[in-house]
Amino acid sequence: MAAVAPQSVDRATARHVVAASFLSWMLDACDFFIVLFTLDNVAHSFGVSLEAVLLAPTLTLITRPVGAFLCGRAADKYGRKPVLMATIGIYSLIEVLSALSPTLGIFLGLRAVFGIALGGVWGVGTSLIMESVPPTWRGTASGILQAGYPAGYLLASLMFLLLPVMGWRGLFILGGCSVVSALYIALRVPESPDWLARHAQGATGMRAGAQQPGMLAVVRNNTALCIFAVALMTGFNFMSHGSQDLYPKVFLALERHISPPSITTMVVIYNIAAMAGGLVFGMLSQKIGRQYAIAVAALATLPLLPLWTLPSSPVLLGVGAACIQFCIQGAWGVVPAYLSELSPASVRATFPGLAYQCGNLLAASNALLQTQIAGWLGVGLAPALMLTVGGGALGVLVLTLLNARLNWRVTA
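Every value quoted in this text rests on a predicted model; they were computed, and no experiment measured them.

Time to look at the packing of helix 15 (residues 290-301) against helix 21 (residues 382-406). The packing of two helices is summarised by the inter-axis angle and the distance between the axes. Relative to each other, helix 15 and helix 21 sit at 155 degrees, their axes nearing to 9 Å. Here helix 15 lies roughly antiparallel to helix 21, going by the angle between them. In this structure, helix 15 crosses over helix 21, and the sense of that crossing is left-handed. Every residue of helix 21 that contacts helix 15 at Gln291, Tyr292, Ile294, Ala295, Ala298, Leu299 and Thr301 is listed here: Val389, Ala393, Val396, Leu397, Thr400, Leu401, Asn403 and Ala404.

It is worth spelling out the side chain of glutamate 95 at this point. One can find glutamate 95 in helix 5 (residues 80-99). Take glutamate 95: its relative accessible area is 0%, and that puts it in the buried class. Beyond its immediate sequence surroundings of up to four residues, glutamate 95 is in contact with Asp31, Ile34, Arg111, Phe114, Phe172, Gly175 and Gly176.

Under the counting rule described, the total for this entry stands at 9 salt bridges. Put simply, aspartate 76 and arginine 80 hold a salt bridge, and the shortest N to O gap is 2.8 Å. The class of arginine 80 is buried, set by a relative accessible area of 0%. Through salt bridges with shared partners, one network takes in Arg73, Asp76, Arg80, Glu131, Asp194, Arg198 and Arg348.

Another point: the packing of aromatic side chains. Within this structure, the stated rule accounts for 21 aromatic pairs. When the centroid spacing of 6.1 Å and the interplanar angle of 50 degrees are considered together, the rings of phenylalanine 37 and tyrosine 153 count as tilted. In this pair, phenylalanine 37 is assigned in helix 1 (residues 11-37) and tyrosine 153 in helix 7 (residues 138-159), connecting sequence segments 116 residues apart. Of the two residues, phenylalanine 37 and tyrosine 153, both sit in the buried class.

Scoring rules and cut-offs
Residues numbered from 1 in each chain as written. Predicted model: local features only at pLDDT ≥ 70, side-chain atom pairs only at ≥ 80, totals over all residues. Heavy atoms only, no water. Axes fitted to C-alpha atoms, helices over the stretch in contact; angles between N-to-C directions. Helix = DSSP H or I, 4+ residues; strand = E, 2+ residues; numbered from the N terminus. Parallel < 35°, antiparallel > 145°, perpendicular 65-115°, else oblique. Left-handed = near helix turned anticlockwise from the far one by under 90°. Contact = heavy atoms within 4.5 Å. Buried < 20%, exposed > 50% of the residue type's maximum accessible area, 1.4 Å probe, protein only. Salt bridge = Lys/Arg side-chain N within 4 Å of Asp/Glu carboxyl O. Phe/Tyr/Trp six-rings, centres within 6.5 Å; stacked < 30°, edge-to-face > 60°.

Next comes the structure, spelled out in structure tokens:
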């Protein structure tokens with residue numbers, strides 16, 4: 001695997017890097033989930049059907065790989081810090097502009113551009129963390145970064161309580177406060193020492209006629225690795241989106257007729273469990289290896305599927321949801337470190353984010369697939385949820401163990 005930079009910043013500074021990257025990803029995720037919580041309100045405001053507004057999150061998902069590539073390449077060329085700050089500033093501005101949208105068309109266009117910024121944050125933040133923290137911190141730092149996603153989900157659910165007071169436009173304006181994380185980065189976070197060293201070497205190499213390999217060269221030299229990474233992240237996204245997108249409103253509310261307060265409590269509990277899982281398995285990966293920590297979490301997901309979907313009791317369903325999110329997001333907690341260590345140094349801001357977002361794009365049909373399976377079987381969503389999430393977990397398990405055996409190595 002490609003080695004990430006050795007420890008070259010003091011621990012106090014490393015803590016600021018971890019905190020800033022977590023904050024950026026949490027606020028980015030929060031801004032994404034605000035849309036999902038307010039779909040019906042947006043539809044009513046524009047006088048259109050809910051199906052028309054559902055195009056907004058779809059467009060965001062479609063453009064995320066574009067952002068991963070553009071922002072990643074910019075960060076590899078110009079530095080992690082300025083690109084991360086610019087990306088945060090862009091998605092914060094788009095969130096405010098979305099609140100001011102006079103028509104649905106403008107709103108949808110802005111959500112497509114938002115997807116570009118959303119797709120860029122994770123990869124750039126991942127490279128900044130992994131190149132800045134001590135090697136012994138990488139597993140824990142990986143878990144902390146990935147915990148930002150369920151933390152953003154939780155924050156959005158709490159902000160949703162303000163809907164009667166602020167309306168959906170007010171929530172979007174409030175989401176624009178994410179720009180504070182860019183200010184934090186500007187004041188307390190230095191540029192990646194690894195990028196600075198390679199940039200200096202690259203400048204010397206250019207004077208001598210040498211060039212750093214580009215993304216296309218890396219893909220050509222590592223085709224099997226690239227296919228593996230995208231396939232792995234497709235499985236990961238089927239696990240996460242398969243267990244989140246339809247579960248609260250469609251499965252719990254419409255099928256199981258669980259009351260809104262109970263659903264809110266369950267969402268809070270299973271997101272806290274998700275954050276804990278990311279930290280636990282991130283730290284575990286530091287001891288047993290990245291692949292095996294992911295494999296353990298994916299394997300533990302499989303026997304929990306019946307508890308997550310089959311009980312009629314809200315208490316048992318809540319226990320199942322907390323346990324399965326602990327394992328799913330536990331596996332996710334290892335991903336930033338795992339993909340960074342697989343990545344060539346010259347494209348470390350591009351490769352992990354692009355693999356993640358391409359996998360996300362391939363799994364974007366998850367909700368449609370789950371509803372189609374439920375329709376074919378005619379017995380509700382429970383079997384469809386178990387099949388898609390279980391299939392994703394099984395794919396992740398097989399692929400990580402396969403790579404542990406083959407041990408693909410990066411050729412820059």
